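# Coordinate analysis (summary)
What follows is each chain in one-letter form.
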Amino acid sequence: MWSLKICCLILMCTHLLRCERQFKSVPVTVKSYKDETVLLPCYLDESDVKPRVRWYKDGTLLGDSKDPGTLLPPRVQMHANFSIQINEIRESDTAAYTCEVIRPEPWGPIRQTHSVEVQYPPTVMTIPDDGFLEVKKGEFVDIGCETTGFPPPVVEWRKDGEVMEILEHRSRIRFKASHRMQAGAYECIANNGVGSPVAASIRVIIQDAPVVIAQRTFVHTAPGLRAALLADVQFAVPPARTAWYRDGRPVNTDDRVLSIAQGSTYQLIFRSIRTTDLGNYTFRAENKLGMADVSYKLTGVPNIASFKVDPALNKASPTGFTLVWEVDSYSTIIEYYLWIRQYYGRPATDEPDPLTTDPSTSIWSKIVVPGDSSEGPIHNALYVVRGLTPSTVYEALVASRNRFGWSKLSAVLHFATEPGVGNTPSVVDYSDISPILEDIETEPQNISQAQIFGIYDFVDNNNCKRSCISQTLFVTALLLLYFKLYV
């Protein structure tokens, strides 16, 4: 009985040992670089006498030690200890290599597996393969980069040299072309830590309506002079058809009036201005997706006057202030309109103050200043404003007129009078305030004399009635200011 049990135990142990030896494996991962040599060992027991060894690559027989007919690949050789050597290793050699030791019964085969990973630098191929994509505004942009390399490369994107903020690394990006500024050079950069990163570029073009800008749309000139209207087509895909118009009709060009295009810059040149040339012009750029217009005013009216801010020129007194300004005009200046009012740091209004019920003191007062007899083009004017209140801040505007009409209004000039004798301002001391220029909102380029009057000429409308009321309000305001300061 005991002998039977012992025999059974021996058989069981033998079976377990046989199973263990049959599936025994020593997994090893071998990482190598391209063109290196890799040696894969095959481990044998000392009891293995004249064993038969087979090598497999991803399950396919690679070589058999007992079968001379099994030829190893040219770059693979088997040594006497049954290890194999792979020379000049390549990307295609990445695989699982298994050494199988076959032994006689009752022993089963022993298998050992080696994973070979051939590391090599990345490569990139763009999608589309020509590296160019053109879509219309509103369509989708779908671009990408197909990469190879081991380890698998990480891809990052740049647009016009700037890193794109993408939540995750991806080899393909897709977005809607909602604006022309999304066009540009998209670059994908692949890096896996082996060798240097590689990059590929895709040029994306987004078709949209033209975009036109102009540095000057109000062009001052005079008969006999040369003048030019310039337009810059910043964007036009597909290319735009361009034309110059005057009052809705194409401009007729000849030896005197020329239309010239240089790159993206378009010019309408007048070699010698005639009075009949003055007027409104339009440059138009148009393609199948839309058009862009820029309007110009070719005029003989003066340019915008500019106040001079200079302590040597701007003489201040308690009741007066010297204003100096300059204007460009190729024709004689007939007159100036100088507008003056007190400044309280709040929007202008001709309504009474809702808090104090005091009449408004911010109504513009117009002063007509005679022009000069100079033909220009630079005209200088000086005017001493009198009858002002001591220690008070004022603001001023000026417009110029020549035989062609009125200029646009100047920038606002803030200035202050000096304190009077024995006068101490009760709220704020304005005596140290220097003249300050403040730009006003840009008026329409084709502003006319009637428009200027409609905005500012409060006093001249209904002259008798309005003038009387304004004078009464002004006197009342002076009395109230006097009592505040001195009583």
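Rules used throughout
- Residues numbered from 1 in each chain as written.
- Predicted model: local features only at pLDDT ≥ 70, side-chain atom pairs only at ≥ 80, totals over all residues.
- Heavy atoms only, no water.
- Salt bridge = Lys/Arg side-chain N within 4 Å of Asp/Glu carboxyl O.
- Helix = DSSP H or I, 4+ residues; strand = E, 2+ residues; numbered from the N terminus.
- Buried < 20%, exposed > 50% of the residue type's maximum accessible area, 1.4 Å probe, protein only.
- Contact = heavy atoms within 4.5 Å.
- Pairing = 2+ DSSP bridges.
- Axes fitted to C-alpha atoms, helices over the stretch in contact; angles between N-to-C directions.
- Phe/Tyr/Trp six-rings, centres within 6.5 Å; stacked < 30°, edge-to-face > 60°.
- Disulfide = S-S within 2.5 Å.
- Core = buried A, V, L, I, M, F, W, Y, C linked by side-chain atoms within 4.5 Å.

As recorded in an unreviewed UniProt entry, the chain goes by the name IgLON family member 5 isoform X2, listed as coming from Bombyx mandarina.

Here the focus is the pattern of salt bridges. Taken as a whole, this structure holds 16 salt bridges when the rule is applied. Ionic pairing is found between Arg52 and Asp64, a salt bridge with its closest N-O pair at 2.8 Å. On the criterion of sequence distance, the pair formed by Arg52 in strand β3 (residues 52-57) and Asp64 in strand β4 (residues 60-64) is long-range, its members being 12 residues apart. With a relative accessible area of 8%, Asp64 lands in the buried category.

Okay, the side chain of Thr322 next. The residue Thr322 is located in strand β25 (residues 320-328) in this model. A relative accessible area of 9% means that Thr322 is categorised as buried. Residues in contact with Thr322, not counting those within four places in the same chain, are Leu313, Asn314, Lys315, Leu382, Tyr383 and Val384.

Our next topic: the sheet that holds β25. Either a parallel or an antiparallel arrangement is found when strands of a sheet pair, and the pairing is made through backbone hydrogen bonds. Pairing in this open sheet of 3 strands is antiparallel, and the strands run β24-β25-β28 from one edge to the other. The two strands at the open ends of the sheet, each matched to only one other strand, are β24 (306-307) and β28 (378-386). Where β25 lies against β28, 9 bridges are found, and the strand directions are antiparallel. Within β28, the position partnered with Val324 by the bridge is Leu382.

Turning our eyes to something else, we now look at the sheet that holds strand β6 (residues 84-86). An order of β2-β6-β5 is seen for the 3 strands of this open sheet, with the pairing classed as antiparallel. Of all the strands in the sheet, the pair left with one neighbour each is β2 (38-40) and β5 (76-78). The mean angle between the axes of side-by-side strands here comes to 20 degrees, regardless of whether they run parallel or antiparallel. Taken together, the 3 bridges between β5 and β6 define a ladder with antiparallel strand orientation. When the sheet's bridge partners are listed, Val76 is paired in β6 with Ile86.

As enumerated under the stated definition, the model contains 11 aromatic pairs in all. Where Trp244 meets Tyr296, the ring centres are 5.5 Å apart and the plane angle is 50 degrees; that geometry is what we call tilted. A residue pair is termed long-range when its members are at least 10 positions apart, and Trp244 in strand β18 (residues 241-246) and Tyr296 in strand β23 (residues 290-299) qualify at 52 residues. The buried category is assigned to Tyr296, whose relative accessible area is 2%. Between Tyr394 and Phe415, the ring centres sit 5.8 Å apart and the planes meet at 15 degrees, which makes this aromatic pair stacked.

If you walk through the whole model with that rule in mind, you get 2 disulfides. Note that Cys42 is cross-linked by a disulfide to Cys99, the S-S spacing being 1.6 Å. Because the torsion about its S-S bond is -40 degrees, the bridge between Cys42 and Cys99 counts as left-handed. Placement of the pair is Cys42 in the loop between β2 and β3 and Cys99 in strand β7 (residues 95-102), with a sequence separation of 57 residues. Since its relative accessible area comes to 0%, Cys99 is described here as buried.

Moving on to the environment of Ile173. If you trace the backbone, Ile173 turns up in strand β13 (residues 172-176). Sequence-wise, Ile173 and Cys145 are 28 residues apart; in three dimensions their C-alpha atoms are separated by 9.3 Å. For Ile173, the contacting residues outside a window of four places in its chain are Val141, Asp142, Ile143, Trp157, Met164, Ile166 and Tyr186.

Our focus in this paragraph is the nonpolar core. In terms of nonpolar packing, the biggest core is built from 21 residues, with Leu229, Phe283 and Leu298 touching the most fellow members. Of all elements in the fold, only β17 (227-237), β21 (265-270), β22 (279-287) and β23 reach the threshold of two or more residues within this core. Leu229 has contacts with Val219, Trp244, Tyr266, Gln267, Leu268, Phe270, Tyr281, Tyr296 and Leu298, leaving out every residue within four places of it along the chain.

Here we take up the pairing of strand β29 (residues 393-402). The two faces of a sheet get side chains in turn, since along a regular strand they alternate between them. Among the 10 residues in β29, 9 count as buried, and that is most of the element. Taken together, the 4 bridges between β29 and strand β31 (residues 412-416) define a ladder with antiparallel strand orientation. Paired with Tyr394 across the two strands is Phe415, which belongs to β31. As defined by bridge partners, β29 adjoins strand β30 (residues 405-406) across 2 bridges and the pair is classed as antiparallel.

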